[in-house]
Amino acid sequence: NLTGFVEGVLDDKLIEIFRDAMPKARRVVIAEAPLSPRAGRAAELLRIEVVALPLNGAGEFDGFFAQVRRMRPDGVIVPNVNWLASFAERLAQGLLAARMPSIAQWHDFARAGGMLAYGPIFGAAIADQRVAVTDAILRGAHPRDIPVQTPTHYRLMVNLVTAKALGVTIPSNVLLQARPEDVIRS
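Residues numbered from 1 in each chain as written. Predicted model: local features only at pLDDT ≥ 70, side-chain atom pairs only at ≥ 80, totals over all residues. Heavy atoms only, no water.

Caption draft 1: Structural detail: the overall build of the protein chain. Along the backbone of the protein chain there are 9 helices and 7 strands. Against the compact-globule benchmark of 16 Å for 186 residues, the protein chain has a radius of gyration of 17 Å, which places it among compact chains. Based on the C-alpha atoms only, the size of the protein chain along its principal axes is roughly 55 × 35 × 35 Å. Buried positions account for 47% of the 186 residues belonging to the protein chain. A separation threshold of at least 6 residues defines the contact pool for the protein chain, and within that pool the share at least 24 residues apart is 66%. (Helix = DSSP H or I, 4+ residues; strand = E, 2+ residues; numbered from the N terminus. Rg over C-alpha atoms; globule rule 2.2 N^0.38 Å. Buried < 20%, exposed > 50% of the residue type's maximum accessible area, 1.4 Å probe, protein only. Contact = heavy atoms within 4.5 Å.)

As structure tokens, this is what we get:
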């Protein structure tokens, strides 16, 4: 009896893009617990072990980073969890200090030192979707008859400065997926 909007990227897509960028990755940490079923299936298909490490509040960041350093995974995936978006810069800087390749959905994450970001482009397209759904409901459409809306435009950002600092070479097929202005070179 309702409709809605998905405003992010599902964990399985982040795992897939991370694996494309780091083809030798075999074990990654995802900052959530428990692991979502979609993430588990993606990990199984990609033959990558994903360890769910709880991160339940801003007061847990230092402990999270310390545990990641001890575990030494091949990387960290920051999932689409709303409260984490406010801490994109803190997460990026902490993971860089831990010398950990990482991906999140927020473009600010890559700008702040995260290695990769893949997420929707918020702006006119999403606003247009919301207006269209609202208009349909106001004209009498029942919400149950309107499918849940997902973003239609996504973009990949690659921070080559971070990759170089971590000793990671991003494959050219991944770089070609990013627009030139979304590749951070300096």
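There's more to say after this.
Caption draft 2: Region of the structure containing the environment of Val174. Within the secondary structure layout, Val174 lies in helix H9 (residues 172-175). Setting aside anything within four residues of it in sequence, one finds Val174 in contact with Asp20, Ala21 and Leu156.

Caption draft 3: Fine view of the pattern of salt bridges. For the structure shown, the criterion picks out 10 salt bridges. For Arg90, the salt bridge goes to Asp62, with nearest N and O atoms at 2.6 Å. Residue Arg90 is located in helix H5 (residues 88-97), and its partner Asp62 is located in helix H3 (residues 61-71); the two are separated by 28 residues in the primary sequence. Here Arg155 ties to Asp182 by a salt bridge, and the two come within 3.0 Å at their closest N and O atoms. (Salt bridge = Lys/Arg side-chain N within 4 Å of Asp/Glu carboxyl O.)

Caption draft 4: Up close: the packing of aromatic side chains. Evaluated as defined, the whole model comprises 6 aromatic pairs. With a centroid separation of 6.1 Å and an interplanar angle of 35°, the aromatic rings of Phe61 and Trp83 are classed as tilted. A residue pair is termed long-range when its members are at least 10 positions apart, and Phe61 in helix H3 and Trp83 in helix H4 (residues 82-85) qualify at 22 residues. Among the residues examined, Phe61 registers a relative accessible area of 2% and is labelled buried. Members of the aromatic cluster, connected to one another through ring pairs, are Phe61, Phe64, Phe65, Trp83 and Phe87. (Phe/Tyr/Trp six-rings, centres within 6.5 Å; stacked < 30°, edge-to-face > 60°.)

Caption draft 5: Structural detail: the confidence of the model for the protein chain. Model confidence for the protein chain is summarised by a mean pLDDT of 90, while 95% of its residues fall at 70 or above. Here helix H7 (residues 124-138) is the element of the protein chain with the lowest mean pLDDT, 80, and helix H8 (residues 160-166) is the one with the highest, 98. (pLDDT = per-residue confidence, 0-100.)

Caption draft 6: Quick look at the pairing of strand E5 (residues 116-120). Taking burial as the measure, the 5 residues of E5 include 5 buried ones, the bulk of the element. Note that strand E4 (residues 102-104) and E5 share 2 bridges and pair parallel. Across the sheet, the residue bridging to Ile103 is Leu116, located in E5. Note that E5 and strand E6 (residues 154-159) share 5 bridges and pair antiparallel. In the sheet register, Gly119 faces E6, and the bridge partner there is Arg155. (Pairing = 2+ DSSP bridges.)

Caption draft 7: Molecular detail of the side chain of His107. Tracing the sequence through the fold places His107 in helix H6 (residues 107-111). In this structure His107 comes out as buried when scored by relative accessible area, which is 11%. Apart from the residues within four sequence positions on either side, His107 is in contact with Ala117, Gly119, Pro120, Arg155 and Met157.

Caption draft 8: Representation of the nonpolar core in the model. Grouped together as the largest cluster of nonpolar side chains are 28 residues, with contacts concentrated most on Phe18, Ile77, Ile103, Met115 and Ile170. Of all the elements in the fold, those that place two or more residues in this core are helix H1 (11-21), strand E1 (27-30), helix H2 (37-46), E5, E6 and H8. Here the element with the most residues in this core is H1; it accounts for 5 residues. Counting 23 residues, the second largest nonpolar core, distinct from the first, contains Val68, Ala88, Met100 and Phe109. (Core = buried A, V, L, I, M, F, W, Y, C linked by side-chain atoms within 4.5 Å.)

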